[in-house]
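Summary of structural features
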Amino acid sequence: MPLELSDDQARLLTVLFPQLNCLRLEQIEDVGSGLRILVRTGTELVACHRCGTASSRVHDRYWRRLDDLACGGRPVEIQLEVRRFRCDAPCCPVATFAEQVPLRLVRALPDPPVGQILVLGVDDFAKRKGHAYASLLVDMDTHRLVDLLPDREADTFAHWLRAHPGAQVVCRDRAGAFAAGARQGAPEAIQVADRFYLWQSLGEAVEKTVIAHRADLHDPAPEPDPLPGPVHQEQGEPDPSCAQATDQTTEDVPKEMSDGFRDILGRERRLVIRHTERYEAVQALQAEGCSLARAMALHN
Ligand SMILES: [Zn+2]
């Protein structure tokens, strides 16, 4: 049974865990393997991250597990309640938004442990378009980001694999660097090409083959003339009935409603809004010096 914490008990706990003193400590529970502490931000009014309008209308709540702490040799799991608020500003495209977690708390927590990864995915990405590349590592079983490497060199990847042994399969692109890195760092792992690159290779092979045999392809037979009908539209002339239908559709959908956050019927695109919120929250944490892995672990 969880124990409701009094003010004094909560204060005592923040002495043990000073990184939690910006939060309201609500409950503590002995879950056998360790302790679980439920915390909330306690802020009554939260500003919409898009328009700045303060709101106290809670839309829904969800729990986010923060990284474990330890007390007396027992693991302590921190469960943070995150609330979603409604934004009532009439001109704001955001209907609901999640409150931000205090940065001090995020920065005080260690990076999430990598753990045992059996199937590891690796790919590169441009830190700036066309410029410096980095690599991201993904647990292919859980689809979670595992770590980031500062470049896409074979030695860097090999070094990471040696430090985190156990990968049985490495899923990679067709470039040589990751293949060489996997051979050096995890020689026992099976290397497989990511499905995307298989499709890409297949597409390129088909294109090459078609181009090589272009001379053998005959021009298609000309299509028969269409039968003359009572209403025959000349090509290039718009059909007035179509134009009318198009105009009608345009009139039905208010332009200001069909932005990226709402569909053409004015309905909220919840997935787009949540992804945008996650992106902005992660960007904000990164701007404050928080590592990408930690920021994404919190907002995953
Ligand atoms: Zn707003």
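Our subject is the structure listed above.
This structure is a prediction, so every number in the text was calculated from the model and none was measured. (Residues numbered from 1 in each chain as written. Predicted model: local features only at pLDDT ≥ 70, side-chain atom pairs only at ≥ 80, totals over all residues. Heavy atoms only, no water.)

Our focus in this paragraph is the pairing of strand S2 (residues 24–30). Across 2 bridges, the pairing between strand S1 (residues 3–4) and S2 is antiparallel. Bridge pairing links Leu3 to Ile28 in S2. In textbook terms, the turn of a hairpin is the stretch between consecutive antiparallel strands, and for S2 and strand S3 (residues 35–40) this stretch comprises 4 residues, one of which, Gly32, has a positive phi near 85°. (Pairing = 2+ DSSP bridges. Helix = DSSP H or I, 4+ residues; strand = E, 2+ residues; numbered from the N terminus.)

Moving on, we get to the pattern of salt bridges. Enumeration over the complete set of coordinates arrives at 12 salt bridges. Linking Arg24 and Glu26 is a salt bridge whose minimum nitrogen-to-oxygen distance equals 2.7 Å. Classification of Arg24 as partly exposed rests on a relative accessible area of 41%. The buried category is assigned to Glu26, whose relative accessible area is 15%. When the shortest N-O distance is used, the salt bridge between Asp60 and Arg84 registers 3.9 Å. Linking Asp60 in strand S6 (residues 58–71) with Arg84 in strand S7 (residues 74–86), this pair joins segments that are 24 residues apart in sequence. Relative accessible area serves as the criterion here: at 2%, Arg84 is assigned to the buried category. Each member of the salt-bridge network shares a partner with another, and the members are Arg24, Glu26, Arg40, Arg61 and Glu81. (Salt bridge = Lys/Arg side-chain N within 4 Å of Asp/Glu carboxyl O. Buried < 20%, exposed > 50% of the residue type's maximum accessible area, 1.4 Å probe, protein only.)

Here the focus is the coordination of the zinc ion. For the zinc ion, the full set of protein donor atoms is Cys48 (SG), Cys51 (SG), Cys87 (SG) and Cys92 (SG), at a range of 2.3 to 2.4 Å. For the zinc ion, the 4 donor atoms are set out with angles of 100 to 115° between them, so the coordination reads as tetrahedral. Here the donor residues of the zinc ion share one chain and are spaced in sequence as C-x2-C-x35-C-x4-C. One end of the pair, Cys48, is in the loop between strand S4 (46–47) and strand S5 (54–55); the other, Cys92, is in the loop between S7 and strand S8 (96–98), and 44 residues separate them in sequence. Classification of Cys92 as buried rests on a relative accessible area of 7%. (Donors = N, O, S within 2.8 Å, 3.2 Å for Na, K, Ca; no water. Tetrahedral: all angles 85-135°; square planar, octahedral: opposite > 155°, others 65-115°.)

On the surface, a cluster of nonpolar side chains totalling about 500 Å² of accessible area is made up of Trp199, Leu202, Val206, Val210 and Leu217. Considering the arrangement of structural elements, one finds Leu217 in the loop between helix H5 (195–212) and helix H6 (240–252). (Patch = residues over 30% accessible without salt bridge, like charges linked within 9 Å, V, L, I, M, F, W, Y side chains within 5 Å. Areas by Shrake-Rupley, 256 points an atom, 1.4 Å probe, with all protein chains shown as cover.)

What follows is about the environment of Val94. Here Val94 lies in the loop between S7 and S8. We classify Val94 as buried; its relative accessible area is 2%. In the structure, Val94 is positioned 174 residues away from Glu268 in sequence and 8.2 Å away in space, judged by C-alpha atoms. Discounting residues that sit within four places of it in the chain, Val94 has contacts with Arg50 and Cys87. (Contact = heavy atoms within 4.5 Å.)

Let us now look at the side chain of Thr96. Summarising the element assignment, Thr96 is placed in strand S8. Ignoring anything within four residues of it in the chain, the contact list for Thr96 reads His59, Arg84, Phe85, Arg86, Glu268, Ile273 and Glu277.

The next point concerns the side chain of Thr41. Within the secondary structure, Thr41 sits in the loop between S3 and S4. You can call Thr41 buried: its relative accessible area is 13%. Among the polar contacts listed, one links the side chain of Thr41 to the side chain of Arg83, at a separation of 3.0 Å. In this structure the side chain of Thr41 is engaged in a polar contact, spanning 2.7 Å, whose partner is the side chain of Glu99. (Polar contact = N/O pair within 3.5 Å; in protein donor to acceptor, adjacent residues only side chain to side chain.)

Counting 19 residues, the largest nonpolar core has Leu25, Ile37 and Ile78 as the members making the most contacts within it. Counting residues per element, the ones that place at least two in this core are helix H1 (7–16), S2, S3, S6 and S7. Among the elements that line this core, the one with the most residues is S7, at 4 residues. Setting aside chain neighbours within four positions, we find Leu25 in contact with Leu5, Ala10, Leu13, Thr14, Leu20, Ile37, Leu38 and Val39. Counting residues in each nonpolar core, the second largest holds 15 residues, with Trp160, Leu161, Ala167 and Ala189 among its members. (Core = buried A, V, L, I, M, F, W, Y, C linked by side-chain atoms within 4.5 Å.)

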